[in-house]
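This is what each chain is made of:
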Amino acid sequence: MGQTQQTENSQEIDVKALQDMYKRFVLECPSGLLFLHEFKRFFGVNPTGEASDYAENMFRAFDKNGDNTIDFLEFVAALNLVFRGNLEHKLRWSFKVYDKDNNGYVDKDELHSIMDSIYRLKKGWRTEAGASQLSVEEVVDRLLAAVDSDGDGHISLEEFLKGAQQDPWVLSMLKLDLNPAGWVLDQRRRSAHF
């Protein structure tokens, strides 16, 4: 039993890294609470840059109690999910990111908003290796057609989970948002805050 945990993404988080994060968290947030603007600064995200919308959606999903702050416990729980969560847990978290108004459904506007943020970060998608890029609208329409099984214009958590687990293309689209570990590590490397 060492101090390092191996994850399904072959990313590691160890006790020393966690201690360093805590020290930085306390240094940056002496009140013990991380606000959105601090969250962005913590990860070196430009407040008006391409990663800003994505960071806001991640922040909202990490804010478990909805008080518009992240305390260290929420921060650690989020990092645990990011680095060690299984596919279903990450899909459930991803659903929270998509469901911006927290009504239990993802509608076309919410889906478009998140996909647009991811699109700007990833600079486009491809349907298959070597195929042409899909626009945000094409991705949203294709996702709705594949996942909205009852055709009511919005996606429930059950439809989201089932669609992602049954359709490889849908899962590959969600993995753009499903890999918060990659985003966190990338932002951590770019930022002097870690």
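In the block above lies the structure referred to throughout.
Residues numbered from 1 in each chain as written. Predicted model: local features only at pLDDT ≥ 70, side-chain atom pairs only at ≥ 80, totals over all residues. Heavy atoms only, no water.

Summarising the element assignment, His-154 is placed in strand β8 (residues 154–156). Taking the relative accessible area as the measure of exposure, His-154 reaches 23% and is therefore partly exposed. As for His-154 and Asp-109, which are separated by 45 residues in sequence, their C-alpha atoms are 9.5 Å apart. What His-154 contacts, discounting residues up to four positions off in sequence, is Tyr-105, Val-106, Asp-107, Asp-148 and Glu-159. (Helix = DSSP H or I, 4+ residues; strand = E, 2+ residues; numbered from the N terminus. Buried < 20%, exposed > 50% of the residue type's maximum accessible area, 1.4 Å probe, protein only. Contact = heavy atoms within 4.5 Å.)

Under the defined criterion, the tally for this structure stands at nine aromatic pairs. Residues Tyr-22 and Phe-72 carry aromatic rings whose centres are separated by 4.6 Å and whose planes lie at 75° to one another, so their mutual orientation is edge-to-face. Here Tyr-22 is found in helix α1 (residues 15–28), whereas its partner Phe-72 is found in helix α4 (residues 72–84), with 50 residues between them in sequence. With centroids separated by 5.4 Å and ring planes inclined at 40°, the aromatic side chains of Phe-25 and Phe-75 adopt a geometry described as tilted. Here Phe-75 lies in helix α4 and Phe-25 lies in helix α1, a separation of 50 residues in the sequence. Cluster of aromatic residues (ring-pair linked, three or more members): Tyr-22, Phe-25, Phe-72 and Phe-75. The ring of Trp-169 carries Arg-142 above its face, with NZ or CZ at 3.9 Å from the centroid. (Phe/Tyr/Trp six-rings, centres within 6.5 Å; stacked < 30°, edge-to-face > 60°. Lys NZ or Arg CZ within 6 Å of the ring centre and 35° of its normal.)

Right, let's get into α4. In an α-helix, one full turn covers 3.6 residues, which means residues spaced three or four apart are oriented alike. A rise of 1.5 Å per residue sets the reference length of α4, with its 13 residues, at 18 Å; its end C-alpha atoms lie 17 Å apart and thus fit the reference within 8%. Among the residues making up α4, those that are buried are Phe-72, Glu-74, Phe-75, Ala-78, Leu-79, Leu-81, Val-82 and Phe-83. At the N-terminal boundary of α4, the capping side chain belongs to Asp-71, with an oxygen 3.1 Å from the backbone nitrogen of Leu-73. (Expected span 1.5 Å × (residues − 1). Polar contact = N/O pair within 3.5 Å; in protein donor to acceptor, adjacent residues only side chain to side chain.)

Turning our eyes to something else, we now look at unusual backbone geometry. The backbone of Asn-68 sits at a positive phi, close to 65°, despite the residue not being glycine. Asn-68 gets classed as exposed once you look at its relative accessible area, which sits at 57%. Its identity is not glycine, yet Asn-102 carries a phi of approximately 55°, on the positive side. Residue classification places Asn-102 among the exposed residues on the basis of a relative accessible area of 56%.

What follows covers α1. If you check α1, its first and last C-alpha atoms are 20 Å apart, about what 14 residues at 1.5 Å a residue would give, namely 20 Å. Of the positions making up α1, those classed as buried are Ala-17, Met-21, Phe-25 and Glu-28. Down the axis, α1 shows its buried residues gathered within 75° of arc, on one side only. More than 90 degrees from the buried face of α1, the exposed residues found are Lys-16, Lys-23 and Leu-27. (Arc of directions from axis to C-beta.)

Attention shifts here to the pattern of salt bridges. Opposite charge on two side chains makes pairing possible when the charged atoms of those side chains draw close. Tallied over the full model, the rule gives three salt bridges. A salt bridge links Arg-92 to Glu-88, with the nearest nitrogen and oxygen atoms 3.0 Å apart. Here Glu-88 and Arg-92 lie together in helix α5 (residues 87–98), a separation of four residues that amounts to about one turn. Close ionic contact of Lys-108 with Asp-141 constitutes a salt bridge, the shortest N to O distance being 3.0 Å. Taken together, the residues Lys-108 in helix α6 (residues 108–122) and Asp-141 in helix α7 (residues 136–147) connect sequence positions 33 residues apart. Overall, the relative accessible area of 42% leaves Lys-108 in the partly exposed class. (Salt bridge = Lys/Arg side-chain N within 4 Å of Asp/Glu carboxyl O.)

This part takes up the environment of Leu-36. When you line up the elements, Leu-36 lands in helix α2 (residues 36–42). Sequence separation between Leu-36 and Ala-55 is 19 residues; the distance between their C-alpha atoms is 8.5 Å. In this structure, Leu-36 is in contact with Glu-56 and Phe-59, ignoring residues within four places of it in sequence.

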